[in-house]
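Per-entry structural report
Okay, here's what each chain looks like letter by letter:
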Amino acid sequence: MAEAAPAAGLRIVLHQHAKERSPVPVSSHADRDRVIDVFRKVLVRNESPENFALQAVQEAIKPQKQTVLILDENTFLENALRTLLQELVSSAVHSGERMMQYGQLISEENTRGQIPCLLDIVLYLCERGHVEGGMIFQLLEDLTEMSTIKDCKEVFGYIESKQDILGKQELFGRGKLVMLRTCNQLLRRLSKANDVVFCGRILMFLAHFFPLSERSAVNIKGVFNTSNETKYEKDAPDGVSVDFNFYKTFWSLQEHFSNPASTTLAPSKWQKFSSNLMIVLDTFEAQPLSDDDGNVNNLEQEEEAAFSIKYLTSSKLMSLELKDPNFRRHILVQCLILFDYLKAPGKNDKDGPTESMKEEIKSCEERVKKLLEITPPKGKEFLQSIEHILEREKNWVWWKRDGCPAFEKQPTEKKSGQDVVRKRKPRWRLGNKELSQLWKWADQNPNALTDPQRIRMPSVTEYWKALAEDMDVSAGIEPEFHHKNNRVYCWKGLRFSARQDLEGFSRFTENGIEGVVPPELLPPDVRSKYHAKPSEKAKRAKKEEETKSTATQPEENQATTPPVEGDVGGSGAEVEDGVAPMDSDTAALEEGQKQSPEDSELEAGQIEGEAEAEAEAEVEGESEATVKSETVAEVRAV
C-alpha cells in the first residue's frame, strides 16, 4: 500500500486536467501484486517476447484455457499491467531518467528500457490473440497521459515504429477509437506554433492508420475554424510610412477568409468584401514585382529557414510584406480558395451566391490568376499547381456529400466447383445476339436486302454539290476545309463521273478534281475558268461539219457515174474513180487523226455522238447508191 501512494500522487500532479477513470475491480490486492511481480521479473530478461510472454501469462493468471484468456481474466490482467505501468513511470520520474530509457538494459545487440519491453510483451500477446486486442491501445493511452510533451515524442516514436502491427485488422478493430482519442488528446496539448512538426507527425500517422473512408476524420458539415482570428492594429501608431487605411482594409479580408459562409449571407457584407478586395488587387497590380524580388525571396534558397503558420500583422512591416512574393501568393491563394468554396458543386440556391455575385466572382478570379501568373518566381507553374489542387478538391467535396462511400472493395471469394452451377450459354441462330436481332428487324429479309432504299447511289450533281460550294469564293470556306483534300471523297466522285458523266470525267486530266464538277453547279466566274467558251465550241462544231461533208461527197460521185461495158479503159477509169472515194475517206480519217491538241480533248460523249452520225450517213449513202444502180440496170435491160 505504501507503493501505491507515490503513483497516485504522481498521477494527480501530472494530469490534473484528465478525468479519473473508475477503478477496475480485481479479486484481491495480493493477486494483483503477484501478477506485477511476475511481469517485473520477465522485464529484465534480454530475450524476444516470443520466448517467455505466454509462459508469464500462464504463470501469473493460471487461465482456464491454456492459450486464450476469458473476459474476467483479461480485465484482471489489464488492470494489473496498467498498475505496473504507473509504477514504472513514477520510478522514472523520481530517478530523473527519461521515461522510455528507464531501467535500460545495455547489451551487444539492442538497447531498450523496461517500459518499451512491457509494451512489446503486451503487443505480442495481442497480436497472437492470447489476450484482448485493445489492451495495448489502453496502455499507450495511459502512457501518453502520464508523460510530458518531451517524453510523448519518444512514446509516439514507438507507436510509429509499430504502426504495421497496430494496423492489422484483428487489432485495429478493437482499438481504433482508443488510438483516435489518444492522438486527439495529444493534439490538444501541443502548441500549434511551437510543435508544428510533432502535430504533423500525428496527422500523418492518423492518415496512414485509418482508411480513406473513415468518417471520423472528415468534416462532414463543413464547419470552419472561426477561432483562428487574425488580430491587427485598429489605431494608427506614430511614424508609420504606409497608408494605414490600406493596412486595415488589407487585414480585414482575413475575417472573410476564416468564415467564407458568412460572406454571402448579407448583401452588405459581400459588398464590403468585394470593395476591399478590389483595393488590394489594384495595389498589387500597381506595384508589380520584378524577377530580382523573386530571386531574393526564393523559397528554394531558404530550405533551412523556419516559417510560422501566420504572418505578422504589424503596420511597420506592411511595406516589406508587399514586396515579398510568397506573402502575395499566400493572400491570392486564399482568394482562390474562397471563390472555389462559393462555386462548390451541389450547393443549394438558397446558400449559394446570386447571379450578380457570380459575375463579380468570375471577374475577380481572372484578376487573381493573372496576378499569380506574373508573380515571380515560376508564376505560371505555381498557378497550374494551384488550379490542379482546386480541381481535385471538387472530387473530395462530392465524396463527402455522397456520404463518404468506401474506396476499398472487398475481394470476391472464389467458389468451389461444387457450389458453382454451370449455366448453359444461350445459343443464337446467327452466332450472337446482335446478328440475330438484326435478322428479326425485317419480316421478309430477302426483300429487305434488295430494297433500293437500302443502298442508294447519289447522282453526279448531288454528289459534287459540296465541292461546288467550296469553289464559290463568296462562301468564304477556308482551303484547308475543302472537300478536294479528302482523298476518299475525290475517289468516289471520280467513280461516279466515270459511270454517269464521261464529259466531266475527261476534264480531270487538264483541270484536276475541280474540273469534274458539273458546270451548272458553279457560279459564272468559276465556270469560265474550268469550262470552254461558247465561241470555241462553235468553231469545233464547224470543223466537224466540214469533215463530214468531205467524207460523204466522193460516195455520191461514185453512185452517179454509169459504168461502160467492153471498155477496158473505161472500166479501169471506173476502178480508179471507185478507188478515189476510199482514198478520200482514208485521207479524211487521217486528217481527223491529225487534228490539233485542242480537238483531241473533245468530250467522250460528243465523240460517240459524231460516230453514230457518221454511221447513219454512210448507211443512207449506201442505200441511195444501191437504188441508183438498180435504176441504171433496169434502163439497160430495157
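Up top you'll find the structure we're talking about.
The paragraphs below set out a description of the structure included in this document. (Residues numbered from 1 in each chain as written. Predicted model: local features only at pLDDT ≥ 70, side-chain atom pairs only at ≥ 80, totals over all residues. Heavy atoms only, no water.)

What to know about unusual backbone geometry
Note the following rule: Helix numbers and strand numbers start at the N terminus; a helix is a DSSP run of H or I with at least 4 residues, a strand a run of E with at least 2. Accessibility here uses a 1.4 Å probe with only protein chains present; expressed as a share of the type maximum, an area under 20% marks a residue as buried, one over 50% as exposed, and anything in between as partly exposed.
The omega torsion of the bond from Pro376 to Pro377 falls at -5 degrees, within 30 degrees of zero and hence cis. With respect to the helices, strands and loops of the structure, Pro377 is situated in the loop between helix 16 (355–374) and helix 17 (379–401). In the Ramachandran plot, Lys378 falls in the positive-phi region, its phi being about 55 degrees despite a non-glycine side chain. Assignment of secondary structure puts Lys378 in the loop between helix 16 and helix 17. On the accessibility criterion, Lys378 (56% relative accessible area) is exposed.

Let's talk about the environment of Thr67
Rules: In what follows, a contact means two residues having at least one pair of non-hydrogen atoms within 4.5 Å.
With respect to the helices, strands and loops of the structure, Thr67 is situated in the loop between helix 3 (53–61) and helix 4 (71–95). Taking the C-alpha atoms as reference, Thr67 lies 7.5 Å from Leu54; in sequence the two are 13 residues apart. Once you skip the residues sitting within four places of it in the chain, Thr67 turns out to touch Leu54 and His130.

Regarding the packing of helix 15 (residues 325–342) against helix 17
Rules: Interaxial angle, 0 to 180 degrees, is taken between N-to-C directions of lines fitted to C-alpha atoms, where a helix line uses only the stretch in contact. Oblique is the label for any angle not under 35 degrees, not over 145, and not in the 65 to 115 range, which are roughly parallel, roughly antiparallel and roughly perpendicular in turn. In this scheme, a crossing is called left-handed if the near helix is turned counterclockwise away from the far one by less than a right angle; it is called right-handed if the turn is clockwise. Each residue is assigned to one of three groups, with Ala, Val, Leu, Ile, Met, Phe, Trp, Tyr, Cys and Pro labelled nonpolar, Asp, Glu, Lys and Arg labelled charged, and all others, Gly among them, labelled polar.
Direction vectors running N to C along helix 15 and helix 17 enclose 30 degrees, while the axes themselves pass 11 Å from each other. In terms of axis orientation, helix 15 runs roughly parallel to helix 17. Here helix 15 runs over helix 17; the crossing is right-handed. Judged by residue contacts, Arg329, Val333, Leu336, Ile337 and Asp340 of helix 15 engage Gly379, Phe382, Ile386, Leu390, Glu393 and Lys394 from helix 17. Residue composition of the contact of helix 15 with helix 17, grouped by class: six nonpolar, one polar and four charged.

Thoughts on a positive patch on the surface
Cut-off, in case you're wondering: Patch members must show over 30% relative accessible area and no salt bridge, and they are joined within 9 Å when carrying like charges or within 5 Å when they are nonpolar side chains of Val, Leu, Ile, Met, Phe, Trp or Tyr. Computed with the Shrake-Rupley method and a 1.4 Å probe, the accessible areas treat only the protein chains shown as cover for residues. Each reported salt bridge corresponds to a side-chain nitrogen of Lys or Arg within 4 Å of a carboxyl oxygen of Asp or Glu. Only four residue types enter the tally: Lys and Arg on the positive side, Asp and Glu on the negative side, with His and both chain ends excluded. All charge positions are set by atom: Lys at NZ, Arg at CZ, Asp at CG, Glu at CD.
Together, Lys234, Lys248, Lys269 and Lys272 give the surface a local cluster of positive charge. Along the chain, Lys269 turns up in helix 12 (residues 267–286). Owing to a relative accessible area of 35%, Lys269 belongs among the partly exposed residues under this scheme.

Some details on helix 16
Condition: Multiply 1.5 Å by the residue count of a helix minus one, and that product is the helix's expected span.
For helix 16, spanning 20 residues, the distance from its first C-alpha to its last is 29 Å, which sits close to the expected 28 Å at 1.5 Å a residue. Taken together, the buried positions of helix 16 are occupied by Met357, Ile361, Cys364, Glu365, Arg367, Val368, Leu371 and Leu372. Buried residues along helix 16 sit against helix 12, helix 15 and helix 17.

Quick word on the nonpolar core
For the record, the criterion: Here the nonpolar core consists of buried residues drawn from Ala, Val, Leu, Ile, Met, Phe, Trp, Tyr and Cys, with membership extended through side-chain atoms lying within 4.5 Å.
With 64 residues, the main nonpolar core has Phe39 and Leu77 as its most contacted residues. Breaking this core down by element, the ones donating at least two residues are helix 2 (29–43), helix 3, helix 4, helix 5 (114–128), helix 6 (135–145), helix 7 (149–161), helix 9 (169–189) and helix 10 (196–209). Of the residues forming this core, the biggest block, 10 residues, is contributed by helix 5. When sequence neighbours within four positions are dropped, the list of residues in contact with Phe39 reads Val57, Ala60, Leu77, Leu81, Leu84 and Ile121.

What to know about the packing of aromatic side chains
Geometry of an aromatic ring pair is reported as the spacing of the ring centres plus the angle between the planes. Convention followed: Pairing of aromatic side chains requires ring centres within 6.5 Å, counting the rings of Phe and Tyr and the six-membered ring of Trp. Pairs whose planes differ by under 30 degrees are stacked, by over 60 edge-to-face, and all others tilted.
Within the structure shown, the criterion is met by 22 aromatic pairs. Centroid distance Phe209 to Phe210: 5.3 Å. Interplanar angle 80 degrees. Geometry classified as edge-to-face. The class for Phe209 is buried, based on a relative accessible area of 6%. With a centroid separation of 5.6 Å and 45 degrees between ring planes, the pair formed by Trp270 and Phe273 is classed as tilted. Of this pair, Trp270 and Phe273 both sit in helix 12, three residues apart, which is roughly one turn of the helix.

That is the geometry; function is a separate question.
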